[in-house]
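# Structural overview for review
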Amino acid sequence: MTGDDTATTAGDERTDVERLDKEYVFGTWSYQSEVDPTEIVGGEGVRFQDAHGSEWIDFSGQLMCSNLGHSADGVADAIAEQAREGAYFAPGFATEARAKLGEKLAEVTPGDLSKTFFSTSGTEAVEAAIKIARMYTGKQKIISRYRSYHGATAGSISVTGDPRRLAGEPGIPGTIKAPDPYAYGSTLDPMESLEYIDEMLMLEGDTVAAILVEPIVGSNGILVPPEEYLPRLKEIAHEHDALLICDEVMAGFGRTGEWFGCDVFDVQPDIMTMAKGLSGAYAPLGATIVTPEIADHFEDELFCHGHTYAGHPVACAAGLAAVETYQEENLIEHASEVGSYLGDRLEELAEAHPSVGDTRGVGLFRGIELTRDPDERVPFGTRDDKISKGSTVVDEVAAAASDGGVYVANMINTLIIAPPLTITESDIDEAVSVLDDALEVSDAAMDG
Ligand code: PLP
């Protein structure tokens with residue numbers, strides 16, 4: 001079973017919910033003939049259960065978003081309270097939840113980032129970032145990278161580099177892709193890829209509004225750049241009068257053992273996008289925060305953007321309670337500590353299994369990349385597989401883990417480990433022992 005775009009196994013007997021869902025609801029990012037969703041009935045802590053009596057350790061925090069696990073009562077209470085007090089007021093009114101969350105984000109985000117536009121998803125947060133960068137600079141082009149995911153709508157899929165963008169191309173004009181810092185799978189040295197971006201900016205003249213990157217690439221394989229990469233990227237952007245936008249939708253809110261991915265490199269972007277962990281996935285909430293300089297620009301320029309649900313009070317109440325929970329329960333520090341332990345345990349898997357080509361990551365944001373030939377680093381899953389029917393060996397490993405009681409997301413050639421920040425060392429031991437068995441599947445499928 002999985003949470004997004006792979007077929008799921010509901011067993012021979014579908015429940016009523018599964019039958020209705022299959023008939024009336026689109027599965028995301030999928031050939032609909034392959035969609036077979038499992039009915040989930042609940043979750044508690046780092047575990048969740050289906051209607052057939054199975055239970056899983058949530059080793060990917062669903063779509064790398066359930067940072068608080070499945071029983072953050074403080075967030076649930078804040079949602080219920082806000083819904084009773086006043087579920088919705090138009091964005092033109094101020095609400096306590098929105099104002100206080102704005103203040104809180106200015107506190108926890110790096111440097112002087114201070115003014116936030118609220119939306120309802122990561123996609124919308126990225127759309128807002130693109131529009132703000134264009135309005136602020138008066139320039140149109142956005143440079144992003146190939147191994148990236150930034151969202152599903154017209155603009156955000158256009159800046160996305162992974163193969164899912166291909167069906168929607170040409171997308172919006174003015175987007176350009178650059179290479180990535182992918183040390184394991186690319187022949188280009190990560191730091192050389194930066195100089196390529198420098199050259200691109202020079203060749204594009206003064207037409208580039210912003211460079212948009214995930215500080216640590218998430219769904220496209222947990223790519224951690226060298227320490228000097230992000231500081232140099234910011235320098236390059238500013239040398240060419242372009243902004244640096246960091247997309248923190250997946251890396252943000254403690255996942256890396258720091259508040260944000262860019263904190264790992266001590267870099268403050270000009271614009272930052274957030275969603276997922278912002279509310280711990282308890283409510284749909286996105287946010288785009290900018291520097292005072294960018295904010296001031298709109299004092300006398302039209303801020304030409306908005307949604308009915310911009311700053312929805314219930315979602316903001318969830319966000320405020322979620323950020324308070326990270327703080328009160330010291331979850332960022334916990335993620336850092338338990339994240340090192342996770343890293344060590346994944347290293348052991350790499351030593352035990354020849355089909356594990358690479359393990360990498362920071363904190364509780366880690367990937368296991370598989371290979372059918374470690375010498376040549378030949379992947380089991382390719383970028384083409386991402387948009388083809390059928391399953392890969394990587395999917396089969398995830399399915400074996402699922403059979404053993406561990407839910408783990410995978411993308412292209414990498415298993416993505418991003419559990420709730422509340423996970424303990426003993427939960428990690430349990431999940432790693434299941435992965436240990438599941439990786440026999442890829443070991444057996446290796447060449448030679
Ligand atoms: N940006 C990044 C880095 C993401 O990982 C995602 C989703 O996975 C998005 C943007 C889009 O967020 P959403 O799915 O909430 O629209």
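As shown above, the structure is provided for reference.
These remarks concern the structure in this document. In this convention, every chain numbers its residues from 1, walking through the sequence in written order. Local features in this predicted model are restricted to residues whose pLDDT is 70 or higher, and side-chain atom pairs enter the listing and the counts only when it is 80 or higher, whereas totals over whole chains, interfaces and linings include all residues. Side-chain calculation: all heavy atoms of the structure are included, whereas hydrogens and water are not.

## Focus: the site of the ligand
If even one non-hydrogen atom of a residue comes within 4 Å of a molecule or strand, that residue is called near it. Around the ligand sit S121, G122, T123, Y149, H150, G151, E214, D247, V249, M250 and K276, and those are all the residues in its vicinity. Here a polar contact is taken to be a pair of N or O atoms separated by no more than 3.5 Å, where protein atoms must pair a possible hydrogen donor with a possible acceptor and residues adjacent in sequence count only if both atoms sit in side chains. Contacts to the ligand include T123, whose side-chain N or O atom sits 2.5 Å from an oxygen atom. Across the complex, the protein chains shield 83% of the 390 Å² of accessible surface that the ligand would expose by itself. Among the residues forming the shell around the ligand, the class breakdown is three nonpolar, five polar and three charged. Note on areas: Shrake-Rupley, 1.4 Å probe, and residue coverage restricted to the protein chains presented here. Residues are sorted three ways: Asp, Glu, Lys and Arg are charged, Ala, Val, Leu, Ile, Met, Phe, Trp, Tyr, Cys and Pro are nonpolar, and all the rest, Gly among them, are polar.

## Topic: the sheet that holds strand β8 (residues 243-247)
As summarised here, the arrangement of the seven strands in space is β4-β10-β9-β8-β7-β5-β6, forming an open sheet in which the pairing is mixed. Of all strands in the sheet, those bounded by a partner on one side alone are β4 (115-119) and β6 (175-178). Taken over all neighbouring pairs, the strand axes of this sheet differ in orientation by 20 degrees on average, direction set aside. Pairing of strand β9 (residues 271-274) with strand β10 (residues 286-290), which is carried by four bridges, proceeds in the antiparallel orientation. The residue bridging M274 from the neighbouring strand is A287, located in β10. DSSP calls a pair of strands paired once it identifies at least 2 bridges connecting them. Strands are runs of DSSP state E lasting at least 2 residues, helices are runs of H or I lasting at least 4, and numbering of each runs from the N terminus. To get an axis, a line is fitted to the C-alpha atoms, and for a helix only the part in contact is used. The angle between two axes follows their N-to-C directions and goes from 0 to 180 degrees.

## Comments concerning unusual backbone geometry
E169 connects to P170 through a cis peptide bond whose omega is 15 degrees. Turning to its location among the elements, P170 is positioned in the loop between α6 (154-159) and β6. A positive phi angle, near 50 degrees, is found at I222, a position not held by glycine. On the secondary structure map, I222 appears in the loop between β7 (208-213) and α8 (229-239). The phi angle at A281 is positive, at roughly 70 degrees, despite the residue not being glycine. Locating A281 in the fold gives a position in the loop between β9 and β10.

## So, the pairing of strand β12 (residues 365-370)
A simple rule labels every residue: compare its accessible area, found with a 1.4 Å probe on the protein chains alone, to the largest value its type can have, and call it buried under 20%, exposed over 50%, or partly exposed in between. A large share of β12 lies buried, amounting to six of its six residues. Of the two faces of β12, the one lined by F365, G367 and E369 and the one lined by R366, I368 and L370 are each fully buried. Direction of pairing for strand β11 (residues 356-362) relative to β12: antiparallel, over a ladder of six bridges. Along β12, the bridge assignment pairs V362 with F365. Between β11 and β12, which follow one another and run antiparallel, lie two residues, and G363 among them has a positive phi close to 55 degrees. Note that β12 and strand β15 (residues 414-417) share four bridges and pair antiparallel. Within the sheet, the bridge partner assigned to E369 lies in β15 and is T414.

## Here's the deal with a negative patch on the surface
Patches here are clusters of residues that have more than 30% relative accessible area and form no salt bridge, with a 9 Å joining cutoff for like charges and a 5 Å cutoff for nonpolar side chains (Val, Leu, Ile, Met, Phe, Trp, Tyr). By convention in these notes, a salt bridge is any Lys or Arg side-chain nitrogen within 4 Å of a carboxyl oxygen on Asp or Glu. Counted charges follow a simple rule, with Lys and Arg positive, Asp and Glu negative, and His plus the chain ends left uncounted. Note on charges: their place is set at NZ of Lys, CZ of Arg, CG of Asp or CD of Glu. Together, D112, E293, D296, E299, D300 and E301 make up a region of like negative charge exposed at the surface. Secondary-structure assignment places D300 in the loop between α10 (292-297) and α11 (313-328).

## A look at helix α5 (residues 122-137)
Along its 16 residues, α5 runs 22 Å from first to last C-alpha, staying within 8% of the 22 Å computed at 1.5 Å per residue. Burial runs high along α5: twelve of the 16 residues are buried. For α5, the full list of buried residues reads G122, T123, E124, A125, V126, E127, A128, A129, I130, I132, A133 and R134. To estimate the expected span of a helix, count its residues, drop one, and scale the result by 1.5 Å.

## Remarks on the sheet that holds strand β13 (residues 406-407)
Pairing is mixed across the open sheet formed by four strands, whose spatial order is β1-β2-β3-β13. At either margin of the open sheet sits one strand with a lone partner, and together these are β1 (40-44) and β13. With two bridges connecting them, strand β3 (residues 55-58) and β13 associate as parallel partners. Pairing of I57 across the sheet is with V406, part of β13. Here helix α14 (residues 425-444) sits on the sheet and contacts β2 (47-50), β3 and β13; the angle it forms with β3, its principal contact strand, is near 110 degrees. Working rule for contacts: check all heavy atoms of both residues, and any pair within 4.5 Å makes them a contact.

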